[in-house]
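Per-entry structural report
So the chains spell out like this:
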Amino acid sequence: DAGITQSPRHKVTETGTPVTLRCHQTENHRYMYWYRQDPGHGLRLIHYSYGVKDTDKGEVSDGYSVSRSKTEDFLLTLESATSSQTSVYFCAISERGGRQPQHFGDGTRLSIL
Amino acid sequence: RKEVEQDPGPFNVPEGATVAFNCTYSNSASQSFFWYRQDCRKEPKLLMSVYSSGNEDGRFTAQLNRASQYISLLIRDSKLSDSATYLCVVPANTGNQFYFGTGTSLTVIP
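A brief report on the enclosed structure follows. These numbers were taken from a predicted model, which means no experiment stands behind them.

1. Here's the deal with the sheet that holds strand β1 (residues 4–6) of chain B
Residue and element names in this part refer to chain B.
- Here five strands make up an open sheet; going across it, the order is β1-β3-β8-β7-β6 and the pairing antiparallel. With one partner strand each, in any of the chains shown, β1 and β6 (54–57) form the two edges of the open sheet. Direction aside, the axes of adjacent strands within the sheet are offset by 15° on average.
- The pairing of strand β3 (residues 19–25) with strand β8 (residues 70–75) spans six bridges and is classified as antiparallel. Bridge pairing in β8 links N22 to S72.

Shown next, in the form of structure tokens:
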């Protein structure tokens, strides 16, 4: 299995609080992605990174920010969590972007009360 | 039109049956395609990559039809352990992103 670790695995928090999810890889892959998965919507891209300090928005980026200060770490921050951000969040990595498949972390289950 | 479309199913098939799923895509320039399986409450796992006309791995065969812009996944001799959701994934034009279908649910019945 690809060396991808997401933390925390589960989190329950309250509306309005900041939340940071971490994705750590040991594969030295250039591309890293954050997705959310909700019933009826499938996987939707939040943000992705194509190198250190290089990030871009995805389909559902509002309310989220990201940072990538090292190749191995990609952080997803919810500045002020809302109940609509309750979801399962997956991190994925890819060596060459769309030309090779992604590999996913185990996911983070986030509940915003 | 969505970038990637799949029949959500569910497909309920008996053990030993052959089942096929189709996935249509809108970007005619796409060069690579991927099938993932996802078990309930788990992460998607890569099942198969398709870079040319098709690919085969044991009981699983993926076929690409560029003219009609669809890829299919064929599962022969279905096992109970094949029960999962199967996701079709196509890279975006930019080459950096991926488009995911919403998945096709398969249940193999004893």
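2. Things to note about the state of the cysteines
- Taken as a whole, this structure holds two disulfides over all chains when the rule is applied.
- With a sulfur-sulfur separation of 1.9 Å, A:C23 is cross-linked through a disulfide to A:C91. An S-S torsion of about -70° defines the bridge between A:C23 and A:C91 as left-handed. A residue pair is termed long-range when its members are at least 10 positions apart, and A:C23 in strand β3 (residues 19–25) and A:C91 in strand β9 (residues 87–94) qualify at 68 residues. Accessibility assignment for this pair places A:C23 and A:C91 in one class, buried.
- Through a disulfide, B:C23 is tied to B:C88; the S-S separation comes to 1.9 Å. Taking the torsion about the sulfur-sulfur bond, which here is approximately -70°, the covalent link between B:C23 and B:C88 counts as left-handed. Of the two residues, B:C23 sits in strand β3 while B:C88 sits in strand β9 (residues 84–91), which places them 65 residues apart along the sequence.

Calculation notes
Along every chain, residues carry numbers that run from 1 in the direction the sequence is written. Starting at A for chains and at 1 for ligands, labels are handed out in the order in which the entities are written. Whole-chain, interface and lining totals are the exception, using all residues; otherwise, since this is a predicted model, local features are given only for residues with pLDDT of at least 70 and side-chain atom pairs are given and counted only at 80 or more. Side-chain numbers here rest on the full set of heavy atoms in the structure, without hydrogens or water. Here, strands pair whenever DSSP counts at least two bridges between them. Labels follow the DSSP assignment, with helices taken as runs of H or I lasting at least four residues and strands as runs of E lasting at least two, numbered in each case from the N terminus. In this description, a line fitted to the C-alpha atoms serves as the axis of each element, helices being fitted only across the stretch in contact, and the angle between N-to-C directions of two axes falls anywhere from 0 to 180 degrees. Cysteine sulfur pairs qualify as disulfides if the two atoms are within 2.5 Å. Here the term buried applies to any residue with accessible area under 20% of the maximum for its type, exposed to any over 50%, and partly exposed to those in between, with areas from a 1.4 Å probe on protein chains only.

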